[in-house]
Amino acid sequence: GDEVMISYGALGNDQLLLRFGFVEVDSPHDTFTILPQDFARALQFEDGAVEKRLASAGLPLDTGVTLQRGGGLSRPEDKAALQAILGSRGEQDQAA
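Just so you know, these numbers come straight off a predicted model, no measurement behind them. (Residues numbered from 1 in each chain as written. Predicted model: local features only at pLDDT ≥ 70, side-chain atom pairs only at ≥ 80, totals over all residues. Heavy atoms only, no water.)

## Some words on the pattern of salt bridges
Where charged atoms of side chains with opposite charge meet at close range, the side chains can pair.
Point 1. Under the definition given, this model contains three salt bridges.
Point 2. For arginine 41, the salt bridge identified is with aspartate 38, shortest N-O distance 2.8 Å. Of this pair, arginine 41 and aspartate 38 are both found in helix 2 (residues 36-43), three residues apart, which corresponds to roughly one turn of the helix.
Point 3. Accessibility expressed as a relative area gives 59% for arginine 41, which makes it exposed.
Point 4. In this structure, the salt-bridge partner of arginine 75 is glutamate 77, at a minimum N-O distance of 3.4 Å. (Salt bridge = Lys/Arg side-chain N within 4 Å of Asp/Glu carboxyl O. Helix = DSSP H or I, 4+ residues; strand = E, 2+ residues; numbered from the N terminus. Buried < 20%, exposed > 50% of the residue type's maximum accessible area, 1.4 Å probe, protein only.)

Take a look at the structure:
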């Protein structure tokens, strides 16, 4: 008989593991989301500093940054969130 092929869709390894019990080596759909509180801890920002930066950029306070395997950004709002969180005050003023 013929070989049967199954597509699980464009899922990252976290979803593949949770739903189907396996991961794919070098999955092109693998992503990682960094949440605002993760940035605050890693960069040793004062409490509320990341949220202030997101708010000043007009972004929701819970906006995370989703990175694709290989370092690309997954969504259009990821670039704006990175600029808001990591940019200098002058860069933030220019973006506004």
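## What about unusual backbone geometry?
Point 1. The backbone of aspartate 26 sits at a positive phi, close to 55°, despite the residue not being glycine.
Point 2. Secondary-structure assignment places aspartate 26 in the loop between helix 1 (13-20) and strand 1 (31-34).
Point 3. According to the relative accessible area criterion, aspartate 26 is exposed, its value standing at 56%.

## Considering the packing of helix 2 against helix 3 (residues 49-56)
Angle between the axes and distance between the axes are the two parameters that describe a pair of packed helices.
Point 1. Put simply, helix 2 and helix 3 touch, their axes get as near as 8 Å, and they point 125° apart. What the angle tells us is that helix 2 and helix 3 run oblique. For the element pair helix 2 and helix 3, the recorded crossing hand is right-handed. Contacts between helix 2 and helix 3 involve Pro36, Phe39 and Ala40 on the former and, on the latter, Val50, Glu51 and Leu54.
Point 2. Taken together, the residues of the contact of helix 2 with helix 3 break down into five nonpolar, no polar and one charged. (Axes fitted to C-alpha atoms, helices over the stretch in contact; angles between N-to-C directions. Parallel < 35°, antiparallel > 145°, perpendicular 65-115°, else oblique. Left-handed = near helix turned anticlockwise from the far one by under 90°. Contact = heavy atoms within 4.5 Å. Nonpolar A, V, L, I, M, F, W, Y, C, P; charged D, E, K, R; others polar.)

## Concerning the confidence of the model for the protein chain
Point 1. Averaged over all residues, the pLDDT of the protein chain equals 85, while 92% of them reach at least 70.
Point 2. When mean pLDDT is compared element by element in the protein chain, helix 3 scores highest at 92, while helix 5 (residues 89-95) scores lowest at 53. (pLDDT = per-residue confidence, 0-100.)

## Re the packing of aromatic side chains
Point 1. A full pass over the atoms with the stated rule returns three aromatic pairs.
Point 2. Considering the side-chain rings of phenylalanine 20 and phenylalanine 22, the 6.5 Å spacing of their centres and the 35° angle between planes classify their relative orientation as tilted.
Point 3. Looking at phenylalanine 22, the relative accessible area reads 31%, which means it is partly exposed.
Point 4. One aromatic cluster in this structure is built from Tyr8, Phe20 and Phe22. (Phe/Tyr/Trp six-rings, centres within 6.5 Å; stacked < 30°, edge-to-face > 60°.)

## Thoughts on the nonpolar core
Point 1. In terms of nonpolar packing, the biggest core is built from 10 residues, these being Ile34, Phe39, Ala40, Val50, Leu54, Leu59, Val65, Ala81, Ala84 and Ile85.
Point 2. Looking at this core, the elements with two or more residues in it are helix 2, helix 3 and helix 4 (76-86).
Point 3. Broken down by element, this core gets its largest block of residues, three residues, from helix 4.
Point 4. Beyond its immediate sequence surroundings of up to four residues, valine 50 is in contact with Pro36, Phe39, Ala40, Phe45 and Ile85. (Core = buried A, V, L, I, M, F, W, Y, C linked by side-chain atoms within 4.5 Å.)

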